[in-house]
Each structure stands twice: as C-alpha cells, then as structure tokens.
Amino acid sequence: MTKNSGRRDWKRNLRNRRQISGCKCRPVCSTEILQDLGKGLLVTGLFAFFFYRSLWALPPMSLVGWLYVKNSARHRRRRRDRQLLLQFKECLQAVAASMRAGYAVENAFTDSIVDIRSMFGEGCAMEGELQLLRRGLNNNLPLETLLTEIGQRGGLEEMREFAEVFAIARRNGGSIPVIIDAACGSVNRRLAVEEDMETLLSARKLEQRVMNAMPFLIVWYVEAGNPGYFDMLYWNPAGIALMTVCMIIYLMAYALSEWIFDKAFGGNWQKDREPMAEGGGERKCI
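Rules and cut-offs
Residues numbered from 1 in each chain as written. Predicted model: local features only at pLDDT ≥ 70, side-chain atom pairs only at ≥ 80, totals over all residues. Heavy atoms only, no water. Helix = DSSP H or I, 4+ residues; strand = E, 2+ residues; numbered from the N terminus. Buried < 20%, exposed > 50% of the residue type's maximum accessible area, 1.4 Å probe, protein only. Contact = heavy atoms within 4.5 Å. Areas by Shrake-Rupley, 256 points an atom, 1.4 Å probe, with all protein chains shown as cover. Disulfide = S-S within 2.5 Å. Axes fitted to C-alpha atoms, helices over the stretch in contact; angles between N-to-C directions. Parallel < 35°, antiparallel > 145°, perpendicular 65-115°, else oblique. Left-handed = near helix turned anticlockwise from the far one by under 90°. Phe/Tyr/Trp six-rings, centres within 6.5 Å; stacked < 30°, edge-to-face > 60°. Core = buried A, V, L, I, M, F, W, Y, C linked by side-chain atoms within 4.5 Å. Expected span 1.5 Å × (residues − 1). Bend = angle between axes of the 7 residues up to and from the residue. Patch = residues over 30% accessible without salt bridge, like charges linked within 9 Å, V, L, I, M, F, W, Y side chains within 5 Å. Salt bridge = Lys/Arg side-chain N within 4 Å of Asp/Glu carboxyl O.

### Things to note about the overall build of the protein
What the protein contains, in helices and strands, is 9 helices and 0 strands. For the protein, buried positions account for 43% of its 286 residues. Once local pairs closer than 6 in sequence are excluded, the contacts in the protein between residues at least 24 apart make up 71%. Just so you have it, the protein exposes about 16,300 Å², and 61% of that area is on carbon and sulfur atoms.

So this is what it looks like as structure tokens:
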C-alpha cells in the first residue's frame, strides 16, 4: 500500500467515525431515539390530558413534548462531554507517565490506548480517537495536526486549547511535559469544581424534581377523592383560558429552574479556570 492510498484510507475512516461523545454531528443510537420518542409522547399525552383532557390538544402539546426531548438531549450531551473530558484527562496522565519513562510523545499517545481501554472499556470515545491518531501517525501525519482534529471533533475547550498550545510548542521547541502537566491541572480543576457544584446542588435538584411533579400529584389526589371536582376547568372557554395560563406559568417556572442550574454548572467553573500556559509547570498530574 502506498503512502497516498494509506492517507486516503485514514481520511475515509475519519469521515466514517461518528462515535465521539462531544461531536455535534454524532448520530444518536436507535435506543436513545426510542427513549426520546417515548418521553416526548408521554409528556405530550400528560399535558394534553392534564390541562385540556381532549384529543384535540395533542397536536399543540406536541411542541411541549419536543421541547422536553430537546432538553433531555442537552442533558445527555452534557453527561457525554463530562465523560469524554474524564477520559481525556486519564489519557494525558498516561502520556505523562510514559514520557517520564523515556517514551517519545508519539509512542506515549499510542501506548495510552491500553490504559484507556482498561479503565473505560473497549469502544469508549477516547479509545476511538486514539485509534484514529495511531492510524494517522502510521501514515506520517503530524501529531499536532491529529490532536487539533481530535479537539475539533470532541468539542471541548480543554481539548482544543491543549491541541493549540501543543502545536505552538512543537514549532517553537517548548516543553511538552510541562504542557501536558498544565492540561492535566486545568482538567482536574474543572472536574473538581463540577463535583463540588454537584454535591452542593444535589438537594436542590431533588427539590426541583419534586416541585415539577407536585402540581400533577395535587390535582390527581383531589380528583381521586372528589371525582368531577375540576370539571368546570375543562370543555368551556373560560376554563381552557385559565388552564392555558396555568400551563404557561408552569413552563416558565420549569424553564427558570433549568436556567438556574445551567448557570450553576455551566458558568461557575469558568470563573476559577486558568488557561494553559506554555511555561510554568508547577501543577502536576495527580
């Protein structure tokens, strides 16, 4: 096989590879599609029955189901991003250990596949990226180019920033071990902040779930004890208008709670974050 044909095969494998958790173009598996579809249908039917008790409400309430599915997919992407970041941190730690043992940086990255597979299982996102990196190195592609592509596909700021600093250091003769240590420190700080926020807000998240379900539970409890108690709220213009207002207030409260948690998890760690630097090296991988 010639060098050009090898590179073509590597690029074809790269285009076909869509299993990176942070990649926006990653297709959702069939199980996740069915789960999201089931959740959307359940929410649509719940809102149509609870607020209107009419089959005619199903088409407009499908918008609520779609919004719920979209929000659920966003939470799933956040979990995948966190898992990918953890795998990236372990990869850098394995690379740093190999380089301290005297390995070249290219060999250190390829040898880290074994460590990633043993910690996260075969077929994890970072293992797939490292397999692509090894194929690229076998086709004489520069390591910094391969790391830049990993950062772009991963979609995480730490991965992109590491690739950029690594490329600059390779061109200017910077210290690669220092850069890897700085990247480990940056990822460790982000994960530590997110874990602290998760611990502090775990009780609030439970309260949020309880409050989200409370209006439905209260109405069903009263209805079970007094059948027909809420019939005046349905099948008449005044009742429909009142229930529509109640639904809008409920959705606004739900959106506000989601926004608060998004600010807590998505913004607070950025305040304590320090960019990776080419020099320094006080912070080591732990």
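Here the narrative resumes, following the displayed structure.
### Remarks on the state of the cysteines
Inspection of every chain in the model, using the stated rule, returns 0 disulfides. With no disulfide of its own, C91 lies closest to C184 among cysteine sulfurs, the gap being 9.1 Å. Judged by its relative accessible area of 1%, C91 falls in the buried class.

### Observations regarding the packing of helix 7 (residues 157-172) against helix 8 (residues 176-225)
Following both chains from N to C, one finds helix 7 and helix 8 inclined at 165°, their axes separated by 10 Å at the closest point. By the angle between their directions, the pair helix 7 and helix 8 is classed as roughly antiparallel. The element helix 7 and its partner helix 8 pack so that their crossing is right-handed. When helix 7 is examined against helix 8, the residues E158, F162, V165, F166, A169 and R170 are found in contact with a partner set consisting of I176, I179, I180, A183, S186, V187 and R190.

### As for the packing of aromatic side chains
Counted by the stated rule, this structure contains 14 aromatic pairs. Both rings, one in F47 and one in F51, keep their centres 5.3 Å apart while their planes meet at 35°; by these two values the pair is tilted. Taken together, the residues span about one helical turn, with F47 and F51 both in helix 2 (residues 30-52) at a distance of 4 residues. There is no split in this pair, since F47 and F51 are both buried. When the ring of F88 is compared with that of F162, the centres are 5.8 Å apart and the planes differ by 70°; the resulting orientation is edge-to-face. In this pair, F88 sits in helix 3 (residues 58-100) while F162 sits in helix 7, placing the two residues 74 residues apart along the sequence. Relative accessible area serves as the criterion here: at 4%, F88 is assigned to the buried category. Judged by its relative accessible area of 1%, F162 is buried. Here the aromatic cluster, defined as three or more aromatic residues joined through ring pairs, consists of F47, F50, F51, F216, W220 and Y250.

### Points about the nonpolar core
The nonpolar side chains of a soluble globular protein tend to be buried with one another. Formed by 38 residues in total, the largest nonpolar core has its most connected members in F109, M126, L133, L143, L147, F162 and I180. Those elements that place two or more of their residues in this core are helix 3, helix 4 (105-120), helix 5 (125-138), helix 6 (143-154), helix 7 and helix 8. With residues up to four places along the chain from it excluded, the contact list for F109 reads C91, V95, L130, L133, L143, L147 and F162. Counting residues in hydrophobic clusters, the runner-up holds 17 residues, among them F47, F230, M243 and M247.

### Notes on helix 4
A rise of 1.5 Å per residue sets the reference length of helix 4, with its 16 residues, at 22 Å; its end C-alpha atoms lie 22 Å apart and thus fit the reference within 8%. A bend of about 25° at I113 is the largest found in helix 4. Looking at helix 4, one finds that the buried residues are V105, A108, F109, T110, S112, I113 and I116. Elements that come into contact with the buried residues of helix 4 comprise helix 3, helix 5, helix 6, helix 7 and helix 8. Remark: G121 follows helix 4 within two positions and exhibits a positive phi of approximately 90°.

### Observations regarding helix 7
With 16 residues, helix 7 should reach 22 Å at 1.5 Å per residue; the first-to-last C-alpha distance of 22 Å fits that figure. Just past helix 7, the residue G173 takes up positive phi, approximately 75°.

### Quick notes on the packing of helix 6 against helix 7
At a minimum axis separation of 8 Å, helix 6 and helix 7 run at an interaxial angle of 165°. Between helix 6 and helix 7, the angle falls in the class roughly antiparallel. Here helix 6 and helix 7 pass one another in a crossing that is left-handed. On the side of helix 6, the interface is formed by L143, E144, L147, T148, I150, G151, Q152 and G154, while helix 7 contributes M159, R160, F162, A163, F166, A167 and R170.

### Observations concerning a nonpolar patch on the surface
Taken together, L34, L37 and L41 make up a surface patch of nonpolar side chains, about 330 Å² in accessible area. Structurally, the position occupied by L34 is in helix 2.

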